[in-house]
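# Observations on the three-dimensional arrangement
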Amino acid sequence: MLLLLMAFRLYLTGNRDILALNAPHDEFWYVDTAFNHIWRGSYSEMKLIHLPTYAVWLMGVDLLGIPARLAIDLAWLVACGYLAYALRRLTQVTWTAVALFIFLTFHPYIIRIFDRALAETLLTVLSTAVLAAGMELWNRRQEGPSAARRCAMVVYGVGFGTAYHTRSEGAVLLVPLGLLALWSLVDRWNWWLQASRHSLLIPLLGLPLLATVLLGLGFSAANYAKWGIWASQELDAPGYKSAMTALNSIDTGPTPKQITVTQEMLGLGFQASPTLRELQPAMTGATGQQWVAIASPYVSVKGEIANGWFYWALRDVAARSGWHASAALAERKYAAVAAELQQAFADGRLKKRFVLSSFIDPDIKKWAPDLPASLRRILLLIIRPAAENLETPTENASPAQFSQYVAVTGRRGPALAATVGGWVVAPAGSQVGLDAEGGAILWQKLMAPRSDVPGAYGFLVSAQGLKVPTALHLQTSDGTDLSVMLSSLQAGRVTELTPTGSYAGLRVGVDRLEVTELRQRGERFLKRIGEWYVGWHYLLFATSVIGSAIWLVRRNQSAESMVFILLVAAILARVGLFAILDASSWSGSQPRYMLPIFPLAGVAGFLGLIGLSRLLARMLRR
């Protein structure tokens, strides 16, 4: 049955492609990094801004010749199948395993976000596989060595380490792992004895930590060998992080919402740090003002740069000032800034405030009142995943970027195109064209006169790109522009261009009209099931709450209750982190950030449903 469901799911989404977006700090960064085989190409301030894990995935599936959109679907279906299998073995309830598989594989949020080249898509697959493998290790704890157990160990350990290094917030994965470690101490007779260490302690706690450390060391060593900087990504480099922390630590009193480093703080930093002063011309000049303009819709005080944009602005002005000629030079510069500001704090030239993290606004009193609203917005993304929260972005990649998307992601759908041919009655010297991307018009000179239509000239014009042309344009020899919508044209018919005025009588006859648009098989299906999924989420949320209440009241210490508690901890850790970021820095209430939670929430909901059904069955037997 699961194979038939997989086949149907692939039929619905098999012709979807990765969207080609001009997002240099997000999707296009991963595509460009994979295009350059991770560590090839020249260095710039953009080279190491993210962990390369997802780019490695893109490069890997490209080498195998599998389109990236199809590859993530295949990996997702395998992970969901593995999770359904593990849940069935854990609970001995078949119908919930099948229902979970259907719930996850056909989820409209997951299908739509998988259209984007985002690291969260791979993280979602990895989270699902790690959860399944962890449950299987528990299910097989009393077995001897077997292929299934060894497979679960590899998936669990390597999957956890890879998930940790897929995005910068990987540390939230340590929360459920830490809770599992505490659980092992409570139940130490089953975990820490010599006989059980190899069946529980080492596979469930030791392997993921070992894989995480080794992968982090591998990325850092590769970056050091190539770029001379020991860090898995530049935003985690000690010098850069210490510089950001020092800037955030400058105390000038309360700061406006969403702004951590104000212009006043920067001015004091320029005075105290000769190295930071090197950035002042670029920060106060065109580059800095560009970032002020970019961040202006998100700040309440004009002239400031919002927290979520400041670290990009700092790196941009540093690059314009020559710091990023190499990664090693940039790291030395940032470290010098941190040392000089710390000396200013020690000398009393600058007042210092406590900073917990370089990415979280230290003025807690400012954003703490907004935290409940942020929590509510993020939880609603999970409890009520409404369609209006998920808008598919319009493709806007440049032609050069589009070529890289095609090369890396194996895009199968062609660029959108239109071709119009026929004749037009117009003055000699006129030209016709189709509207292209960015408002440009692709002009084509008229062809030879048509012998079958007096005063008419032939034409054939085409346009291709990420936007379907909408209008046919005519420009006369004196510069007058006229147009007609393509939707009003029809092959074999004549259409008036303008009924009155100095050019009355101009008309176009269409012999050929071809408009190529991408058609997604699953769009109609997704629209229909979107509302159903809102109901599913309400049901699973309710059963999660009821199930947790049942386990608390009955003090159930079963494996199912342990898994449920670990899932809740993992969900709350991620929700809490992004709620803090949403309240203090930038919009964390986005569906993409919550996507890795969906499989965890689905399993928690179905475990709660199992607990409720068992309680009702016992009550009926009485």
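A quick note: this is a predicted structure, and the numbers were derived from the prediction, not measured.

Moving on, we get to the sheet that holds strand S6 (residues 481–485). The strands making up a sheet associate through hydrogen bonds between their backbones, and the pairing can be parallel or antiparallel. The strand order S3-S2-S5-S6 describes an open sheet built from 4 strands, whose pairing is antiparallel. This sheet does not close on itself; its edge strands, each paired only once, are strand S3 (441–445) and S6. Across the sheet, the mean angle separating the axes of adjacent strands is 25° when strand polarity is ignored. Judged from the 5 bridges that link them, strand S5 (residues 471–475) and S6 form a sheet pairing that is antiparallel. From the neighbouring strand, Leu474 faces S6, where its bridge partner is Leu482.

Attention now goes to the pattern of salt bridges. Oppositely charged side chains are able to pair whenever their charged atoms sit close together. According to the stated counting rule, one finds 25 salt bridges in the structure shown. Asp73 is paired through a salt bridge with Arg9; the nearest N and O atoms lie 3.0 Å apart. Of the two residues, Asp73 is situated in helix H4 (residues 68–91) and Arg9 in helix H1 (residues 2–13); the sequence distance between them amounts to 64 residues. With a shortest N-O distance of 3.1 Å, Glu120 and Arg592 are connected by a salt bridge. Taken together, the residues Glu120 in helix H7 (residues 119–139) and Arg592 in helix H24 (residues 591–594) connect sequence positions 472 residues apart.

Now for helix H12 (residues 238–249). In this model, H12 (12 residues) spans 16 Å end to end at C-alpha, consistent with the 16 Å of a helix rising 1.5 Å per residue. Of the residues making up H12, those classed as buried are Gly239, Tyr240, Ala243, Met244, Ala246, Leu247, Asn248 and Ser249. Residues of H12 that are buried in the fold lie against helix H13 (263–272), helix H14 (274–277), helix H17 (307–320) and helix H18 (327–347).

Looking now at the confidence of the model for the protein chain. Overall, the predicted model of the protein chain reaches an average pLDDT of 88, with 95% of residues at or above 70. Element-level mean pLDDT values for the protein chain span from 77 in helix H22 (residues 523–554) up to 97 in H7.

Inspection of the entire model under this criterion finds 21 aromatic pairs. On the basis of an interplanar angle of 20° and a centroid distance of 4.5 Å, the ring pair of Tyr298 and Trp309 is categorised as stacked. In this pair, Tyr298 sits in the loop between helix H16 (286–295) and H17 while Trp309 sits in helix H17, placing the two residues 11 residues apart along the sequence. Look at Trp536 and Phe606: their rings are 6.5 Å apart centre to centre, the planes differ by 70°, and that puts the pair in the edge-to-face class. Of this pair, Trp536 sits in helix H22 while Phe606 sits in helix H25 (residues 597–621), and the two are 70 residues apart along the sequence. For Trp536, a relative accessible area of 32% gives the class partly exposed. You can call Phe606 buried: its relative accessible area is 3%. Here a set of aromatic residues connected by ring pairs shows up, and it is made of Phe103, Tyr533, Trp536 and Phe606. The cationic tip of Lys226 hangs over the ring face of Trp227; the distance from NZ or CZ to the ring centre is 5.2 Å. Positioned over the ring face of Tyr240 is Arg315, at 5.4 Å from the centre of the ring.

Each value, and the rule that gives it
Residues numbered from 1 in each chain as written. Predicted model: local features only at pLDDT ≥ 70, side-chain atom pairs only at ≥ 80, totals over all residues. Heavy atoms only, no water. Pairing = 2+ DSSP bridges. Helix = DSSP H or I, 4+ residues; strand = E, 2+ residues; numbered from the N terminus. Axes fitted to C-alpha atoms, helices over the stretch in contact; angles between N-to-C directions. Salt bridge = Lys/Arg side-chain N within 4 Å of Asp/Glu carboxyl O. Expected span 1.5 Å × (residues − 1). Buried < 20%, exposed > 50% of the residue type's maximum accessible area, 1.4 Å probe, protein only. Contact = heavy atoms within 4.5 Å. pLDDT = per-residue confidence, 0-100. Phe/Tyr/Trp six-rings, centres within 6.5 Å; stacked < 30°, edge-to-face > 60°. Lys NZ or Arg CZ within 6 Å of the ring centre and 35° of its normal.

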